[in-house]
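The lines below spell out each chain.
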Amino acid sequence: MKLVLIGFGHVHRTLARILLDKREHLAQRYARELQVVGVADSSGAVYHPEGLDLAALLQHKRDEGVATYPAGQALPDAVTLARNTDYDVLLEASPVDLADGGIALPCVRAALQRGRAAVLANKAPLVLDYEGLHTLARTHHASLAFSATVCGGLPVINVGRRDLAAATIYGLEGIFNSTTNYILSRMTAGETYDSALAEAQRRGIAETDPTLDVEGWDTANKLVIIARAVLRYAATLAEVSREGITNIEAEALQRAGERGRVIKLVASAERTESGYTLRVAPRQVPRSSFLGSISEWQMGIVFHTDIYEDIFLKIDERGPTATAAAMLRDVLQIASSAR
């Protein structure tokens, strides 16, 4: 199975290391090799039909962009790679661009139009054109998977679509952004906002543009994807009531703590007669509650359903590994279904 990676930042470099570490295990279990034949970053792209040497490419990336990697064909950009090379699955993890989708949207469209599978960690294509991408996938019999777009390694999308398929979901609430959760947790412990954000960026958790995290956009994106994929509600980003954490002061965190409460950036969907009300906002919750127990790098969600009652999911994600692993999870599911 030939893969191309769009974006070669923290997530895809981590995925490359996982593929190197688990190469023999994956080949034995799935009876086929996962071979990266193309990679694109902001410098351009590189392609080799027989597969790229990932260890050498990772070493090269420490100093230069992938376009100057000598053991492959240089291409001008990611879209050229997506449109004109031979591969089975395109994996998209370039920076989120909510204006027009950046390079992600044309790359994903190109893959699906060619009947190639697409696996996304980038949320923007789904937020901007969820129905259009799914129509392309159906028309061209291509797989479209995106479990990595919501809470990294936590299987929110998979559980919601598969395991809760027979349920009526009355509502959900969760903490979907580990950067804001870490910042609020550290500020509660007395650390400054700036130092906590810097640590999140150092670990590769924060988005390239941290305003997507701290102003609530990343959480709102994930809520829209959950609404579309799990709740079957045709939500748009514009209808999400959104407030970030930039106006929260240390004194407010301290006062909440004195009452046995903590402040969290909470996403919620509440069922109504016509659909769902979607909201992202800081909220005081009891420290002893499920949401209150989600601390530092953790993320979590609770589904309120009829026949399954309440389902609680939680993950402790301290770096890009779980998101990379979620992309691999989707690739392996596609590989299994193609056998």
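Computed from a predicted model, the values in this text were never measured in an experiment.

Considerations on the sheet that holds strand β12 (residues 298-305)
Across the sheet, six strands lie side by side as β9-β11-β10-β8-β12-β13; this open sheet has mixed pairing. Looking at which strands have only one partner, the edges of the open sheet turn out to be β9 (241-242) and β13 (310-316). With four bridges connecting them, strand β8 (residues 169-175) and strand β10 (residues 261-271) associate as antiparallel partners. The partner of Leu172 across the bridge, within β10, is Ala269. In the packing of helix α8 (residues 178-188) onto the sheet, contacts are made with β8, β10 and β12, and the angle to β10 comes to roughly 150°.

A short note on the environment of Leu120
When you line up the elements, Leu120 lands in strand β6 (residues 117-120). In this structure Leu120 comes out as buried when scored by relative accessible area, which is 0%. Along the sequence, Leu120 and Ala104 sit 16 residues apart, while their C-alpha atoms lie 9.1 Å from each other.

A closer look at the packing of helix α7 (residues 156-163) against helix α11 (residues 217-229)
Direction vectors running N to C along α7 and α11 enclose 20°, while the axes themselves pass 10 Å from each other. In terms of orientation, α7 and α11 fall into the roughly parallel class. Crossing of α7 against α11: the hand is right-handed. Touching Val156, Ile157 and Arg161 of α7 are Ile225, Ile226 and Ala229, all from α11.

Overview of unusual backbone geometry
For Arg232, which is not glycine, the phi dihedral falls at a positive 55°. When you line up the elements, Arg232 lands in the loop between α11 and β9. The exposed category is assigned to Arg232, whose relative accessible area is 58%. Within the chain, Glu309 stands out as a residue other than glycine whose phi angle is a positive 60°. With respect to the element layout, Glu309 can be found in the loop between β12 and β13. Taking relative accessible area as the criterion, Glu309 reaches 59% and is therefore assigned exposed.

A word on the sheet that holds strand β4 (residues 73-75)
Remark on secondary structure: sheet strands pair via backbone hydrogen bonds, oriented parallel or antiparallel. In space, the seven strands of this open sheet follow the order β4-β3-β2-β1-β5-β6-β7, with mixed pairing throughout. Unpaired on one side and paired on the other, β4 and β7 (144-145) mark the two borders of the sheet. Two elements, strand β1 (residues 2-6) and strand β5 (residues 89-92), share four bridges in a ladder whose sense is parallel. By the bridge assignment for β5, Val4 is matched with Leu90. Packing of helix α1 (residues 10-21) onto the sheet brings it into contact with β1, β2 (35-41) and β5, and relative to β1 it is tilted by some 155°.

A word on the side chain of Glu92
Summarising the element assignment, Glu92 is placed in strand β5. For the buried Glu92, no salt bridge exists, and the shortest N-O distance to an oppositely charged side chain is 9.6 Å, to Lys123. At 3.1 Å, the side chain of Glu92 forms a polar contact with the side chain of Asn122. Each residue touching Glu92, except ones within four places of it in the same chain, is listed here: Ile6, His12, Ile103, Ala104, Val108, Val119, Leu120, Ala121, Asn122 and Met327.

Things to note about the packing of aromatic side chains
How two aromatic rings sit relative to each other is given by the distance of their centres and the angle of their planes. With the rule as written, the count across this model stands at four aromatic pairs. An angle of 80° between the planes, with centres 6.1 Å apart, marks the rings of Tyr130 and Phe146 as edge-to-face. In this pair, Tyr130 sits in helix α6 (residues 124-139) while Phe146 sits in the loop between β7 and α7, placing the two residues 16 residues apart along the sequence. Grouping residues by exposure puts Tyr130 and Phe146 together as buried. Geometrically, the ring pair formed by Tyr182 and Trp297 is stacked, given 3.8 Å between the ring centres and 10° between the ring planes.

Criteria and cut-off values
- Residues numbered from 1 in each chain as written.
- Predicted model: local features only at pLDDT ≥ 70, side-chain atom pairs only at ≥ 80, totals over all residues.
- Heavy atoms only, no water.
- Pairing = 2+ DSSP bridges.
- Helix = DSSP H or I, 4+ residues; strand = E, 2+ residues; numbered from the N terminus.
- Contact = heavy atoms within 4.5 Å.
- Axes fitted to C-alpha atoms, helices over the stretch in contact; angles between N-to-C directions.
- Buried < 20%, exposed > 50% of the residue type's maximum accessible area, 1.4 Å probe, protein only.
- Parallel < 35°, antiparallel > 145°, perpendicular 65-115°, else oblique.
- Left-handed = near helix turned anticlockwise from the far one by under 90°.
- Lys, Arg positive; Asp, Glu negative; His and termini not counted.
- Salt bridge = Lys/Arg side-chain N within 4 Å of Asp/Glu carboxyl O.
- Polar contact = N/O pair within 3.5 Å; in protein donor to acceptor, adjacent residues only side chain to side chain.
- Phe/Tyr/Trp six-rings, centres within 6.5 Å; stacked < 30°, edge-to-face > 60°.

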